[in-house]
Amino acid sequence: GGVVFWIASLMLLIFIPNEFNIWFFIAITIVAAISMFDDVKRISVWTQLLFHIVAVSIAFYIAELFVVITWWNLLFAYILFIGVMYSFKPMDDVNGMTGLYTLAALLPMVYVNQYIESFIHIDYLLFPIIGAFILLVFNLRKDAATTAGSVGSMTIGFWVSFLLMMLIIKS
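Residues numbered from 1 in each chain as written. Predicted model: local features only at pLDDT ≥ 70, side-chain atom pairs only at ≥ 80, totals over all residues. Heavy atoms only, no water.

Some words on the nonpolar core
Counting residues in each nonpolar core, the largest one holds 54 residues, and the members touching the most others are Phe158, Trp159 and Phe162. Take this core: its biggest share by element is ten residues, from helix 7 (residues 149-170). Discounting chain neighbours no more than four positions away, the residues touching Phe158 are Phe24, Ala27, Ile28, Val31, Ala55, Val56, Ala59, Phe81 and Met85. (Core = buried A, V, L, I, M, F, W, Y, C linked by side-chain atoms within 4.5 Å. Buried < 20%, exposed > 50% of the residue type's maximum accessible area, 1.4 Å probe, protein only. Helix = DSSP H or I, 4+ residues; strand = E, 2+ residues; numbered from the N terminus. Contact = heavy atoms within 4.5 Å.)

Here's the deal with the pattern of salt bridges
Counted under the stated rule, the structure contains two salt bridges. The partner of Asp38 in a salt bridge is Arg42, with the nearest N and O atoms 3.2 Å apart. By relative accessible area, Asp38 is classed as buried at 2%. Of the charged contacts, one joins Lys89 and Asp38 as a salt bridge, the two residues approaching to 3.4 Å between their closest N and O atoms. In this pair, Lys89 sits in the loop between helix 4 (71-87) and helix 5 (97-116) while Asp38 sits in helix 2 (residues 19-40), placing the two residues 51 residues apart along the sequence. Given a relative accessible area of 21%, Lys89 falls into the partly exposed group. Connected through shared salt-bridge partners, Asp38, Arg42 and Lys89 make up one network. (Salt bridge = Lys/Arg side-chain N within 4 Å of Asp/Glu carboxyl O.)

Points about the packing of aromatic side chains
Overall, the coordinates contain 17 aromatic pairs when judged by the stated rule. Note on Phe20 and Tyr124: the rings are 5.7 Å apart at their centroids and 85 degrees apart in plane angle, and the pair reads as edge-to-face. Placement of Phe20 in helix 2 and of Tyr124 in helix 6 (residues 123-139) is noted, with a sequence separation of 104 residues between them. According to the relative accessible area criterion, Phe20 is partly exposed, its value standing at 25%. When its relative accessible area of 3% is taken as the criterion, Tyr124 is described as buried. Through pairs of rings, three or more aromatic residues link up here, namely Phe20, Phe24, Phe60, Phe66, Tyr78, Phe81, Tyr124, Phe158, Trp159 and Phe162. (Phe/Tyr/Trp six-rings, centres within 6.5 Å; stacked < 30°, edge-to-face > 60°.)

Let's talk about the packing of helix 3 (residues 45-62) against helix 4
Their axes nearest at 10 Å, the elements helix 3 and helix 4 cross at an angle of 115 degrees. Between helix 3 and helix 4 lies a crossing of right-handed hand. Of the residues in helix 4, those in contact with Val45, Gln48, Leu49, His52, Ile53, Val56, Ser57, Ala59 and Phe60 of helix 3 are Leu74, Ala77, Tyr78, Phe81, Ile82, Met85 and Tyr86. The residue inventory of the contact of helix 3 with helix 4, partitioned by class, reads 13 nonpolar, three polar and no charged. (Axes fitted to C-alpha atoms, helices over the stretch in contact; angles between N-to-C directions. Left-handed = near helix turned anticlockwise from the far one by under 90°. Nonpolar A, V, L, I, M, F, W, Y, C, P; charged D, E, K, R; others polar.)

Section: helix 5
Between the first and last C-alpha of helix 5 there are 28 Å, a value that for 20 residues agrees with the 28 Å anticipated at 1.5 Å per step. All buried positions along helix 5 are accounted for by Thr98, Gly99, Thr102, Leu103, Ala105, Leu106, Met109, Val110, Val112 and Asn113. Tucked inside the fold, the buried residues of helix 5 contact helix 1 (3-15), helix 6 and helix 7. (Expected span 1.5 Å × (residues − 1).)

Structural notes on a nonpolar patch on the surface
Residues Leu126, Ile130, Ile134, Val137 and Phe138 make up a contiguous nonpolar surface patch of about 430 Å² in total accessible area. If you trace the backbone, Val137 turns up in helix 6. Residue Val137 is classed as exposed on the basis of its relative accessible area, which comes to 51%. (Patch = residues over 30% accessible without salt bridge, like charges linked within 9 Å, V, L, I, M, F, W, Y side chains within 5 Å. Areas by Shrake-Rupley, 256 points an atom, 1.4 Å probe, with all protein chains shown as cover.)

Structure follows, in structure tokens:
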């Protein structure tokens, strides 16, 4: 079920094909792929972390973070970004938690983006919101038809971390 967030990023790339979206799609695909493999067969946390560091490095590259901050702040940024990402991981065990938390994080960002500080193209917020609603149709019930799995929780965790980073940079 969590593949819906990767599909949302694919749709974003299809509807808005540019270099920024290509790099974003590559990064989110790395996260989704390693998480999908983890769902199928357990992969060591260190291997997953290596792939996540590569994906986060791509996110930092497209946000031009490497040229803006010092190396010790960059180290802190890696820890913060990956920490926010991993905060989504245990949520796939509770029906509806990943989708509801995604909405709780993204809906206020839509408001901020529209009325306070425009920090990203609105489609970066709307596509994962649509994905969350689709996931909730199948997951927000006593006997869930599907779960988000690691692929869903880590992919949306990456997406939310990316959006938070863009907001911090812009503001």
